Amino acid sequence: MNVSLRWLRDLAPGLPEDPEEIARRLTARGFPVEGVERLGAELDGLVVARVQEVSEHPDADRLKVCSVDGGEGVVQVVCGAPNVEAGGWYPFAPVGAVLPGGMEIGEVRLRGQESRGMLCSEVELGLGEDAGGLMALHDPDGSFRPGLPLRRALGLQDVRLDVEVTSNRPDLLSHVGLARECMEEGDGTFALPPVPGLDAPVSQAGPEWLETGPEPVEGKAPVAVQLEDPDRCPRYLAGVIRGVTVGPSPAWLQQRLRAVGARPVNNVVDATNLVLLELGQPLHAFDLARVRGGAVRVRRATDGETLRTLDGVDRTLDPDMLAICDARGPMAVAGVMGGEDSEVTAETRDLLLECALFEPGPIRATRKALGLSTDASYRFERGVDPLGLRTALLRAVDVILAVAGGEVDGPLVDAAAHRAVPATVPLRTSRVEALLGISIPAPDVEALLAPLGFRVAEREDDVLQVSVPGYRSWDVTREVDLIEEVARVHGYDRFPDTRRAWRPGTVPDDPLTRLEDQVRDTLVRLGLLEARTAAFVPRSQGEVEVANPVNMEERWLRSALAPPLGRRLAWNLARGNRDVRLFEVGTVFRPAPAPGDRPPEATHVAGILHGRAEPEHWSRPDRTLDAWDLKGIMEELSLVVGAFDGATNPWRVAPVPEDEARARGWPPLYSVLDDAGGTRGVGGVVPPGALDLPRWAGSVWWFEMSLPPAPEPGRVPPVRMPPTHPAVERDLALVVARDRAASDVLDAVRDRGGPHLQEVGVFDVYQGEGIPEGTRSLAVRLRFQAPDRTLVDAEVDQAVTRVVNHLQEAYDVHIRGG
Amino acid sequence: MSDAATLEGELEALEAQALEAVATADSESLEELRVRYLGRKEGRVSAILRGLGGLDPAARPRVGQAANRVKGSIAKALDARAQALAEADVRPSGHGDLSLPGRSGWRGARHPVTLVIDELCTLFGEMGFSRARGPEIETDWYNFEALNTPLDHPAADEQDTLYLADGTHLLRSHTSPVQVRVLQTHEPPIRVLAPGMVFRRDTWDATHAPAFAQLEGLVVDEGVTFVDLKATLAEFARRFWGPGTEVRFRPSFFPFTEPSAEVDVKRVRTIREPDGSTRTEEGDWLEIMGAGMVDPAVLEAAGIDSERYTGFAFGMGPARIAMLRHAITDIRSLYENDIRFLSQFGPS
């Protein structure tokens, strides 16, 4: 909300002149000031000048030579503008002045003629877009003289504050509301300033009102008002002013609007805008001649009814929208925008002035449906003062009479289904203390609330019956709302921040969040960098659709993490980063099992790797990542996640049969199998062409695992004490058919190794010369150990024999050289 | 039986032979040499010593002395060579230049946003907060209505919400629905944090992302007041931003808290000048979180007696804090995942 400091101080002369102080006060009350702008500062040094004579330039067709009085003697100025006229007032930049664009005015000769200064257009002053000629200045009250600072002539001696008003405080979308909010003790009172040039304000005279119900009353006022939907428009005030002269507003009114960045239109529209900005009540003026039937109907629009609004757009209305209608049809979309047909124009003589109360919710719905937000809809959808309608209408009447002339015709109409009365909200001082933590006695509570317009109607023990002013009826309806006002006015910084004892809570630390931490620790330890991506992906990577996405191409929620990570890898490779090792822990989304169900979510971890297995080092050759690096990472992860899941046997990373692998998007080489054989994760190499990679790119390795949401409770892994007796090792070179999985052989060894077999490891794999065609040699090391004694060779030999015999029988495995 | 002179000559020859072999031996052959010359069973010097008994008793001491000297000399040479080899083993290859770069594996790192979340959770954890989580797909009820935000109020607009095409669900626009879920399932006292991703209909730019992390905090118990809110959050701010940090609470508006506050911090750092004097440097006020007393309507919606229990809640943006902390000017750099950026957040 743009605020004029001068306007605030006209309402409350006791307010400080320093805009920074006003900004500080508003900020401390919860309304930060985003900007403080001294208006027209860039126009310093520019003045108002009168052109005395204009003659043709002797040597140039399009130039004119002017005698200009800029307050410091008459000087000659050469000017190219077509609209310069003798006797006119124009903005003038004397020699030495600097234009807003930064150009300094020097003394020059143009086609041989001396030119001392420059007459300016709107564009040159940064005040408008009209570059077609000089900016003609109007002097409606005869106050201009040559040399008058241009800032003053344009009413720009003001400071504009940009105040951030929260959506709960529609009352602050007005200068009156903000003046009230930033006044402190000793600042005196505030009141609407008199309208300049109005001797007998209607508001003072106490005009005649015709109060009616929702049904129209004919013949007692120049217009009848019918409220067909009292829920949406409970009250509608209307007044008729006849004999106005529509034209430009006087300087004071134009200045006031310009100061807050509003564009003056004509005196009638400007008057209603003034009241909107002053009191926060939107009003609308209709050309009475265009209102047919002498009656205003506030009703739902019918399906397909159309209206061309003031912005020149044809709008199609529907029955969810409220319309202000005459005998023929809609004249305005209620609370949003008026129609072009009944617009006030230069020909308008008689006005119908509307000042109404609309229910916020439907205004908001209409505004959204039409995609049309206006100053009026912005206020109505937040709530205007239901007790301030008459004040607003009278203020508008006063301003119109002052700036456009005319007379009020007949009684003003106040049609209402019900008229609001101030609400009373009980406030316990004990509750103030219970919530705020400090004790504030009842008289102090009352004193804190009073400046904001809250009155204590009644007080009984510690309960105050607080009467809420109309402009706060939207946000103050409960005791807690009043307590907030007490805290705010008291000042948040005046509360102590004393530490006190607290009780431990009943919510245990979330186990999955802990697992996420462990997973991150593991992958960071393995040298991966954590990535974060947004959850939005193209259709190929997700199945849950967003209705109103930011980007239409990526309007699905990811169903896996690896493909989006793949795109980040491609992005890195495109920037010349070759060794890329990324992982992400995040949520993936699956389609709802049945329409209307919540789409299920799961937490996954995924990684993507490319480049060297180890950083370059001068002591060793570079080694490119291979399947064993991937498998190692997956095994490490499986240990962490498996332990969390309460796996009795360690999870295994097993090769995926080719026919199974082909069924998936990125065919996996490995899957992570839990102890029940369920798949918990997959990993492999990204198929060629699946990612947009540079030509030099090598294999890209990926893995993805789902994290169990909660651990199996109560399982503590047993710990074996390290045996004190020595171990016995036996190395075996096993000749195995090539298509026999090493894991089968190792499983068999473990299975038959007896109780003392502690470890089985593979220390060499060989195929080629020296062993039969179609076989390979697995060199395995078996480690035997007993907890209570030293094993003798004989029993170890026996166990080895058992293993070898079994291998031979089951898998046709032979001992090499044996 | 050899005579003494022959033996002495043999010993000298053995010594010369052994010392020559030892000088060029590697650690494996060194052990062989030790066995060959000094080994108890087969060692040649040992054999001579063993044969002393068969010598003329007059010659025995002289030969014995010589044999022991040679034994000592070879043993010393062996030890010296072993020592030299051991030293050479620990000195790296690479021409003995110890200034060459060391060998290490890849260095991983957590994402800067994760690091902030971790630190926030640790600090609040010290003050008794545990972590809670909730779904990212929510309903209007959890995201708005239970949080005292009627759908037809402009406040519901301020967080431009992303809806699913199913017409009934949305992507949560803040982590506050977790408040409601925790309150529904647990009895006070409650002290929880809810870190998580939230979603808004924001176009990517330097300060906006359609998905970003948020961290919510909630305390509900008997007798919790605005003073507790201030004490807890001011204590947190000083622990996170440094002991001299100034904390400011400003009124604000959130539908789900009342009274509501914005919390600003100003870092005040003491800088030591080269001449030993100190001066303090003040930063700007930084807006770091929103907070407030839980609105009674929120407690009631979750089935908590708002007369008996009060509480406070707060929320902040770890990405924003990461940006402030590392002077990152464009939020998009947190999502590009350029490894040259991410690797700076590892151990250093």
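A. Fine view of the packing of helix α5 (residues 112–126) of chain B against helix α11 (residues 318–326) of chain B. Residues and elements named next belong to chain B. As a packed pair, α5 and α11 sit with axes 8 Å apart at the nearest point and diverge in direction by 105 degrees. It follows from the interaxial angle that α5 and α11 lie roughly perpendicular. Contacts between α5 and α11 pair P112, V113, V116, I117, E119 and L120 from the former with P318, A319, I321, A322 and R325 from the latter. Here the contact of α5 with α11 is composed, by residue class, of nine nonpolar, no polar and two charged.

B. Fine view of the pairing of strand β10 (residues 159–163) of chain A. Residue and element names in this part refer to chain A. With respect to burial, β10 is a largely interior element, four of its five residues being buried. Here three bridges tie strand β1 (residues 2–4) to β10, and the two strands are oriented antiparallel to one another. Paired with N2 across the bridge in β10 is D162. Where strand β2 (residues 33–38) lies against β10, five bridges are found, and the strand directions are antiparallel. The residue of β10 that forms the bridge with V36 is L161.

C. Representation of the domain arrangement of chain B within the structure. Structurally, chain B comprises domain 1 (4–90) and domain 2 (112–345). The distance between the C-alpha centroids of domain 1 of chain B and domain 2 of chain B comes to 80 Å.

D. Region of interest: the packing of aromatic side chains. Taken as a whole and judged by the stated rule, the model has 17 aromatic pairs over all chains. On the basis of an interplanar angle of 85 degrees and a centroid distance of 5.0 Å, the ring pair of W141(B) and Y142(B) is categorised as edge-to-face. Taking the relative accessible area as the measure of exposure, Y142(B) reaches 15% and is therefore buried. Consider the rings of F254(B) and F256(B), whose centres lie 6.2 Å apart with planes at 25 degrees: the pair is stacked. Among the residues examined, F256(B) registers a relative accessible area of 11% and is labelled buried. Taken together, the aromatic side chains of F124(B), F129(B), F236(B), F240(B), W241(B), F312(B) and F314(B) make up a single cluster linked through ring pairs. The aromatic ring of Y471(A) is capped on one face by R180(A), whose charged end is 3.5 Å from the ring centroid.

E. Quick look at the interface of chain B and chain A. Counting residues at the interface gives 105 residues for chain B, matched by 97 residues for chain A. Around 8300 Å² of area is buried between chain B and chain A when both sides are counted, 54% of it from carbon and sulfur atoms. Among the residues of chain B in contact with chain A, W106(B), R131(B) and R133(B) are the three that bury the most area, contributing 11% of the side total. Here chain B is connected to chain A by 14 salt bridges. The partner of R110(B) in a salt bridge is D517(A), and the shortest N-O contact between them spans 3.8 Å. Counting across the chain B and chain A interface gives 55 residue pairs in polar contact (both at pLDDT 80 or more). It is helix α9 (residues 226–241) of chain B that contributes the most residues to the side of chain B that touches chain A, eight residues altogether.

F. Representation of the side chain of R558(A) in the model. Considering the arrangement of structural elements, one finds R558(A) in strand β30 (residues 556–558). A polar contact of 3.3 Å, which involves the side chain of R558(A), links it to the side chain of E584(A).

G. Region of interest: the pairing of strand β11 (residues 286–294) of chain B. Residue and element names in this part refer to chain B. Here β11 lies mainly inside the structure; seven of its nine residues are buried. In this sheet, strand β12 (residues 310–316) lies alongside β11 in antiparallel orientation, the contact comprising four bridges. Bridge assignment links A291 to a residue of β12, and that residue is F314.

H. Representation of the pattern of salt bridges in the model. Residue and element names in this part refer to chain A. By the definition in use, this model includes 98 salt bridges over all chains. E107 is the salt-bridge partner of R116, the closest N and O atoms lying 3.9 Å from each other. A salt bridge links E554 to R567; its shortest N-O distance comes to 2.9 Å. One end of the pair, E554, is in the loop between β29 (542–545) and β30; the other, R567, is in helix α16 (residues 562–574), with 13 residues separating them in the sequence. You can call E554 partly exposed: its relative accessible area is 22%.

Here is what the cut-offs are and how they apply
Numbering of residues starts from 1 in every chain and runs along the sequence as written. Chains carry letters from A onward and ligands carry numbers from 1 onward, assigned in written order. Local features in this predicted model are restricted to residues of pLDDT 70 or higher, and side-chain atom pairs are both shown and tallied only at a pLDDT of 80 or more, whereas totals for entire chains, interfaces and linings draw on every residue. Where side-chain values are given, they derive from all heavy atoms of the structure, hydrogens and water being excluded. Throughout, an axis means a line fitted to C-alpha atoms (over the contacting stretch in the case of helices), and angles, computed between N-to-C directions, take values from 0 to 180 degrees. We count a stretch as a helix when DSSP gives it H or I for four or more residues in a row; a strand needs E for two or more, and each element gets its number in order from the N terminus. For this classification, under 35 degrees means roughly parallel, over 145 means roughly antiparallel, 65 to 115 means roughly perpendicular, and everything else is oblique. It only takes one pair of heavy atoms within 4.5 Å for two residues to be counted as in contact. Residue polarity is assigned by list, with Asp, Glu, Lys and Arg as charged and Ala, Val, Leu, Ile, Met, Phe, Trp, Tyr, Cys and Pro as nonpolar; anything else, Gly included, falls into the polar class. When a residue's accessible area, from a 1.4 Å probe over protein chains only, is under 20% of the maximum for its type it is buried; when over 50% it is exposed; and in between it is partly exposed. Only when DSSP finds a minimum of two bridges between them are two strands counted as paired. Segmentation into domains, and thus their bounds, comes from an automatic or database assignment. By convention, a stacked pair of Phe, Tyr or Trp rings (six-membered ring in the case of Trp) has centres within 6.5 Å and planes under 30 degrees apart, an edge-to-face pair has planes over 60 apart, and any other such pair is tilted. Geometrically, a charge over a ring is one whose NZ (Lys) or CZ (Arg) sits within 6 Å of the ring centre while staying within 35 degrees of the ring normal. Accessible area that two parts lose when put together, evaluated with a 1.4 Å probe and summed over both, is termed the buried area. Between Lys or Arg on one side and Asp or Glu on the other, a salt bridge is scored when a side-chain nitrogen of the former is within 4 Å of a carboxyl oxygen of the latter. Polar contact is defined as a pair of N or O atoms within 3.5 Å, subject to the rule that within protein one atom must be able to donate a hydrogen and the other to accept it, and that residues adjacent in sequence are counted only when both atoms are side-chain atoms.

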